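Commentary on secondary and tertiary structure
In case you want the letters, here they are:
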Amino acid sequence: MKPPKFDYASPDSLAEALELLARGQGEARPLAGGQSLMPVLAFRLAAPALLVDLRQVPGLDRIDIGPDGVRLGARVRWRDIERDARLCTAAPLLAEAIGHVAHYQIRNRGTVGGSLAHADPAAELPGIAVASDALVEVASVRGQRTIAAGDFFLGALSTALEPDELITALVLPPWPARRHAAFEELSRRRGDFAMAGVAVGFELDGNARATGTRIAAIGAADRPLRLRTAESALDGRTVDARAIAEAAAAASAEVDPADDLHASAAYRRNLVGVLVERAIARACPPPFNRREAA
Amino acid sequence: MKVRFTVNDKPVSAEVEPRTTLSLCLRDHLRLTGTHVGCEHGVCGACTVIIDGEAVRSCLTLAVQVEGRSITTVEGLAHGEDLSPLQASFRRHNALQCGFCTPGMLTTAHALLTEEPHADEARVREVLSGNLCRCTGYIPIVHAVLDARVAYGGPAWTGEAHAHHGDGEQR
Ligand SMILES: Cc1cc2nc3c(=O)[nH]c(=O)nc-3n(C[C@H](O)[C@H](O)[C@H](O)COP(=O)(O)OP(=O)(O)OC[C@H]3O[C@@H](n4cnc5c(N)ncnc54)[C@H](O)[C@@H]3O)c2cc1C
Ligand code: FES
Ligand code: FES
């Protein structure tokens, strides 16, 4: 369980970090919190020639909240999100979901950029990014670009990042004042990776009809997914027991989970429906969240 | 590579490979074997140390990453020969059996109570969920941490009567 040999650099500017990644020609890897990369190295699933530690690169650890939404620097840690009270109103779905990420000690080191780049199919942040139509800001010596979260995750541990590119930030669009949202997941133990998780958001018009519905799932396919048929099952309808049940059934039918040692595919498929039902019901403000009122 | 940092208030330096984890550096290079290594991939919590006030897994941290930082290991908790109030509470509550998980439990709880002396039982349980113990069943550990809060400026624990056996010296 010892990592293979590699060289180590700790650049103190973004330009130098990008230069090192470019010169590495695919053999250099960024190192942020190390909470995913170190286990990968310990299992020898990767053998990079050079680790480019981001710890001294300035400006990547800021949380900015403005008219364009919430901008999370790549080196913002779970701990920083948890402790920023502004996020409870500026990005409530994020704040709620991040409460489920990993354990205390890991939360002190794990970062936004690391989670996005690692792209674990059950990780919470990628799911929130997809549910929120967030943008991933990326830089390399060739310049900067922005990738829509929906185009960023290509599969398990696979993203649209080029080897010389660094994530600099994740931008969550402004949170509509009237949006209702909830995040639900099931894991064996708080802090463990979810067996599946679901993020739901919608606005309600005067007749309790859902608009702008978004439903996303983690741990239910090889990447975080928007559940489009479940969204259309709910969108434009009064949020009552029937609409919720139909959205849940659509969600179960739509996902493509895998068997693993924690749960079978059939179990996960069913679970996604249950979580969608719970999340919608909990997202509804009173009095709509009273099931019998539906 | 040469790395310099502070361990338990003492400046130290070590000559390490970039791949040397902090846990290995502490144990093999600095001979501070109080930090235990269970899984070496981040799941057991036995290797927890405190870096500048924050509990982290030393097996998921490279020694070269802690240049200039200040580290507290389990060896840094006691005051000379006297157990710290947290350690004494672990003893009183029989919160250890084989002791393998104990360094990680103590460092995690010390970091928590230093920052959050009022942590309630739910918070203590959530925080300790990242530390595995194969012996105790966790209940005495949770009680020991709750009972130690008062030493950090937190509330006194009125807790479960059966967890105390009067004189505090057991068996
Ligand atoms: C026991 C355990 C339980 C966990 N449970 C959960 C959980 O429930 N949910 C969850 O979401 N996560 C969980 N994690 C993972 C944890 O949240 C990781 O911290 C996170 O996924 C990766 O962040 P990091 O900063 O540690 O990245 P690192 O480990 O440093 O890097 C991960 C990958 O991202 C790349 N990278 C890092 N930063 C950048 C960047 N800015 N640009 C481009 N590439 C970059 C690295 O090269 C590497 O490939 C768990 C980890 C452990 C050990
Ligand atoms: S040895 Fe570090 S978490 Fe198990
Ligand atoms: S006392 Fe034996 S593992 Fe905890």
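Residues numbered from 1 in each chain as written. Chains lettered and ligands numbered in written order. Predicted model: local features only at pLDDT ≥ 70, side-chain atom pairs only at ≥ 80, totals over all residues. Heavy atoms only, no water.

Remark: the empty space left among the atoms is shown by a probe the size of a water molecule rolled over them. Empty space within the second largest pocket amounts to approximately 320 Å³. If you go around the second largest pocket, you meet 16 residues; those closest to its centre are Arg55(A), Arg75(A), Arg77(A), Arg109(A) and Arg69(B). Looking at side-chain class alone, the lining of the second largest pocket contains three nonpolar, four polar and nine charged residues. (1 Å grid on protein atoms, 1.4 Å probe; cavity = no way out; pocket = protein on both sides within 12 Å on 5 of 7 lines; lining within 4 Å. Points joined across faces, edges and corners; volume = space filled by probe spheres on them. Nonpolar A, V, L, I, M, F, W, Y, C, P; charged D, E, K, R; others polar.)

On to the nonpolar core, then. The tendency in soluble globular proteins is for nonpolar side chains to be buried as a group. Residues and elements named next belong to chain A. Ranked by internal contacts, the top residues of the largest apolar core, which has 43 residues, are Leu 72, Ile 81, Leu 94 and Leu 170. It is helix α8 (residues 124-131) that provides the largest number of residues to this core, a total of five residues. Residues lining this core come from more than one domain, with at least three contributed by each of domain 2 (63-172) and domain 3 (180-293). Excluding its chain neighbours within four sequence positions, the residues that come into contact with Leu 170 are Val 70, Arg 71, Leu 72, Val 112, Leu 116, Leu 125, Ala 129, Ala 134, Leu 135 and Val 136. The next biggest cluster of nonpolar side chains, apart from the first, holds 32 residues, and it includes Ala 217, Ala 233, Ala 243 and Val 276. (Core = buried A, V, L, I, M, F, W, Y, C linked by side-chain atoms within 4.5 Å. Buried < 20%, exposed > 50% of the residue type's maximum accessible area, 1.4 Å probe, protein only. Helix = DSSP H or I, 4+ residues; strand = E, 2+ residues; numbered from the N terminus. Domains from an automatic or database assignment. Contact = heavy atoms within 4.5 Å.)

Before going further, it helps to examine the site of ligand 1. Residue and element names in this part refer to chain A. Ligand 1 sits among 33 residues. The nearest are Pro 30, Gly 34, Leu 37, Thr 111 and Glu 124. Within the backbone of Ala 32, an N or O atom sits 2.8 Å from an oxygen atom of ligand 1. Residue Leu 37 places a main-chain N or O atom 2.6 Å away from an oxygen atom belonging to ligand 1. Relative to its unbound accessible area of 970 Å², ligand 1 is 95% covered by the protein chains. Of all elements in the fold, only β2 (28-31), α7 (112-118) and β10 (166-172) reach the threshold of two or more residues within the shell around ligand 1. (Near = heavy atom within 4 Å. Polar contact = N/O pair within 3.5 Å; in protein donor to acceptor, adjacent residues only side chain to side chain. Areas by Shrake-Rupley, 256 points an atom, 1.4 Å probe, with all protein chains shown as cover.)

A word on the interface of chain A and chain B. Frequently, the measure chosen for interface size is the accessible area that the parts lose on association. Between chain A and chain B, the residue contacts involve 33 residues of the former and 34 residues of the latter. Buried surface at the junction of chain A and chain B, summed over both partners, amounts to about 2,800 Å²; 51% is from carbon and sulfur atoms. Per-residue buried area on chain A facing chain B is highest for Tyr104(A), Gln105(A) and Arg109(A); these three make up 26% of the total on that side. Inspection of the chain A/chain B interface yields seven salt bridges. On inspection of chain A and its partner chain B, the count reaches 19 residue pairs in polar contact (both at pLDDT 80 or more). For the side of chain A that touches chain B, the elements supplying multiple residues, two or more each, are β1 (7-9), α2 (37-42), β3 (50-53), α3 (78-83) and α6 (104-107) of chain A. When its residues are assigned to classes, the side of chain A that touches chain B shows 14 nonpolar, six polar and 13 charged. (Buried area = accessible area lost by both parts, 1.4 Å probe. Salt bridge = Lys/Arg side-chain N within 4 Å of Asp/Glu carboxyl O.)

Taken as a whole, this structure holds five cavities of 30 Å³ or more when the rule is applied. Considering only enclosed or pocket space, the largest cavity measures out at about 80 Å³ in volume. Lining the largest cavity are 13 residues, with Ala102(A), His103(A), Tyr104(A), Arg107(A) and Glu126(B) positioned closest to its centre. Counting residues per element, the ones that place at least two in the lining of the largest cavity are α6 of chain A together with α4 (121-128) of chain B. The greatest single-element share of the lining of the largest cavity, amounting to three residues, is contributed by α4(B). For the lining of the largest cavity, a count of residues per class yields four nonpolar, five polar and four charged. Approximately 50 Å³ is the volume found for the second largest cavity. Forming the boundary of the second largest cavity are Ala90(A), Ala91(A), Leu93(A), Leu94(A), Ile128(A), Ser132(A), Leu172(A), Pro173(A) and Trp175(A). Residues of the lining of the second largest cavity, tallied by class, amount to eight nonpolar, one polar and no charged.

Attention now goes to unusual backbone geometry. Phi at Ala102(A) is positive, roughly 55 degrees, even though this residue is not glycine. Note on placement: Ala102(A) falls in the loop between α5 (92-98) and α6. We note that Asp9(B) has phi near 75 degrees; this positive angle belongs to a residue other than glycine. When you line up the elements, Asp9(B) lands in the loop between β1 (2-7) and β2 (10-15). Given the relative accessible area of 71%, Asp9(B) is considered exposed.

Turning our eyes to something else, we now look at the packing of helix α11 (residues 241-254) of chain A against helix α12 (residues 265-283) of chain A. All names here are of chain A. Contact geometry for α11 and α12: axes closest at 8 Å, N-to-C directions at 145 degrees. α12 is crossed by α11, and the crossing has right-handed handedness. Note on element contacts: α12 touches α11 through Arg 269, Asn 270, Val 272, Gly 273, Val 276, Glu 277, Ile 280 and Ala 281, opposite Ile 244, Ala 247, Ala 248, Ala 251, Ser 252 and Ala 253. Considered class by class, the residues forming the contact of α11 with α12 number nine nonpolar, three polar and two charged. (Axes fitted to C-alpha atoms, helices over the stretch in contact; angles between N-to-C directions. Left-handed = near helix turned anticlockwise from the far one by under 90°.)

Attention now moves to a nonpolar patch on the surface. Together, Met1(A), Phe43(A) and Leu45(A) line one region of the surface with nonpolar side chains, adding up to about 330 Å² of accessible area. Mapping Phe43(A) onto the fold places it in the loop between α2 and β3. (Patch = residues over 30% accessible without salt bridge, like charges linked within 9 Å, V, L, I, M, F, W, Y side chains within 5 Å.)

Let us look at the domain arrangement of chain B. Residues and elements named next belong to chain B. Parsing chain B into structural domains produces domain 1 (2-76) and domain 2 (85-152). The centre of domain 1, based on its C-alpha atoms, is set 21 Å off from the matching centre of domain 2. Contact residues are listed per partner, giving 17 residues for domain 1 and 13 residues for domain 2. For the pairing of domain 1 and domain 2, the buried interface totals around 1,100 Å² over both sides, and the portion due to carbon and sulfur atoms is 63%. By the criterion of area lost to domain 2, the three top residues of domain 1 are His 36, Ile 50 and Val 74, representing 38% of everything that side buries. The interface formed by domain 1 and domain 2 includes zero salt bridges.

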